[in-house]
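# Fold and geometry: a report
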Amino acid sequence: MRILVTGGAGFIGSALIRHLLNDTEHQVLNLDKLTYAGNLESLAGVADNPRYRFLQADIGDSAAVSRALAEFQPDAIMHLAAESHVDRSIDGPAAFIQTNIVGTYALLEATRAYWLQLDQARRQAFRFHHISTDEVYGDLHGVDELFTENTPYAPSSPYSASKAASDHLVRAWQRTYGLPVLVTNCSNNYGPYHFPEKLIPLVILNALEGKPLPVYGNGQQVRDWLYVEDHARALLKVVSEGRVGETYNIGGHNEQTNLHVVESICALLDELAPLEGNLGAGMRDGDNAAPHSYKELITFVADRPGHDQRYAIDASKIERELGWKPQETFESGLRKTVRWYLDNLDWCRRVRG
Ligand code: NAD
């Protein structure tokens, strides 16, 4: 297939492109605006692959997107470009409305015009795969309930509301215009190349610098965590074998409280980068207050407004229909992630800069 990936310089998009180039024969065009969250360095290992090309463009720029479609002639679009950080959406929702809603609308319209002029066989085989989040479902308060593909939407943050709106647009373009779409809603991802403002990389890097490890509220919010390479494998399954018009929930069977996640990172760092040999800023030898375990840096901060209590995914449909299951456990994935950050501190410094 010739696959146009939007947002391929981001955290999940770059994992997907590495998977497509390293493990398949597909051709890839990465269309990315390169916001603060997009880093071509995440693709350095595959950038020279003759099956890969890159175009810097905004999904909202209809002329640029239409040109890219006409030239590249994709068989599928995998749409990951988005503003994705909940805290940023609370501080400044405008960019989320613009990219996630208006940008998705513009991309759908450019795609529809391109799709309509394909010959019948290619039009039938074409797929528009929209990559979304479990946050569109709102939150769960009991311990047993799970989000299924039929759970009603109840988003809480400007981020999740903008993703919910884009999901609705994508489904409407199928219902109204017949565009062959697929939607996936996935739980929290973690792994290499995650921008250091998100919980797991932030905690690793703050810990190494001896800074406080902020935990919202009482830290008892529950999230389901999926290793990003497992997500990339699921996305490839869905775009290749998923049933048109269907939604697939993707999750890691890995429910953890935020506090447990932070404590687990501290325990791994205590093992892999013990404090005695790694005194960060503000922690000097001979300082009686210097901590012995990274756990001592945990600091509870005021809860995020509108903070969802629990997300948990029922991923049985994708397992049943497409035979996908996560390969990493939380323990194995988190260990790989912590090691990756310890080995790639230069990358972190550069993308933060
Ligand atoms: P990210 O913020 O790391 O990357 C987003 C990418 O999109 C960046 O490369 C950025 O430059 C690009 N981009 C932003 N606005 C653009 C625009 N207007 N035009 C073109 N490119 C633009 O995000 P991520 O964590 O990789 O998430 C990718 C997708 O997966 C998003 O749609 C997100 O909603 C969804 N998702 C993320 C998670 C998660 O845990 N990170 C979970 C489920 C779903």
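Residues numbered from 1 in each chain as written. Predicted model: local features only at pLDDT ≥ 70, side-chain atom pairs only at ≥ 80, totals over all residues. Heavy atoms only, no water.

The geometry of helix H9 (residues 258-272) relative to helix H11 (residues 330-343) is characterised by a closest axis approach of 10 Å and an angle of 55° between their N-to-C directions. One way to sum up the angle between H9 and H11 is to call them oblique. Classified by chirality, the crossing of H11 by H9 is right-handed. Between H9 and H11, the contacting residues are Val261, Ser264, Ile265, Leu268, Leu269, Glu271 and Leu272 on the first element and Phe330, Leu334, Arg335, Val338, Arg339 and Leu342 on the second. When its residues are assigned to classes, the contact of H9 with H11 shows nine nonpolar, one polar and three charged. (Axes fitted to C-alpha atoms, helices over the stretch in contact; angles between N-to-C directions. Helix = DSSP H or I, 4+ residues; strand = E, 2+ residues; numbered from the N terminus. Parallel < 35°, antiparallel > 145°, perpendicular 65-115°, else oblique. Left-handed = near helix turned anticlockwise from the far one by under 90°. Contact = heavy atoms within 4.5 Å. Nonpolar A, V, L, I, M, F, W, Y, C, P; charged D, E, K, R; others polar.)

Packing of H11 against helix H12 (residues 345-352) brings their axes to within 5 Å, and their N-to-C directions diverge by 75°. Looking at the two axes, H11 sits roughly perpendicular to H12. Only Leu345, Trp347 and Cys348 of H12 make contact with H11, whose side of the interface consists of Trp340, Tyr341, Leu342 and Asp343. Among the residues forming the contact of H11 with H12, the class breakdown is six nonpolar, no polar and one charged.

This paragraph deals with the sheet that holds strand E9 (residues 222-227). Two strands in a sheet stick together by hydrogen bonds in their backbones, pointing the same way (parallel) or opposite ways (antiparallel). The strand order across the open sheet built from three strands is E7-E9-E11, with neighbouring strands paired in mixed fashion. Each edge of the open sheet is held by one strand with a lone partner, namely strand E7 (188-190) and strand E11 (255-257). Taken over all neighbouring pairs, the strand axes of this sheet differ in orientation by 50° on average, direction set aside. Sheet topology note: the E9/E11 ladder contains three bridges and is antiparallel. Across the sheet, Val222 pairs through a bridge with Thr257, a residue of E11. The sheet strands contacting helix H8 (residues 228-241) are E7 and E9, and the helix crosses E9 at an angle near 70°. (Pairing = 2+ DSSP bridges.)

So, to be careful, I would describe these as geometric facts and stop short of saying anything about function.
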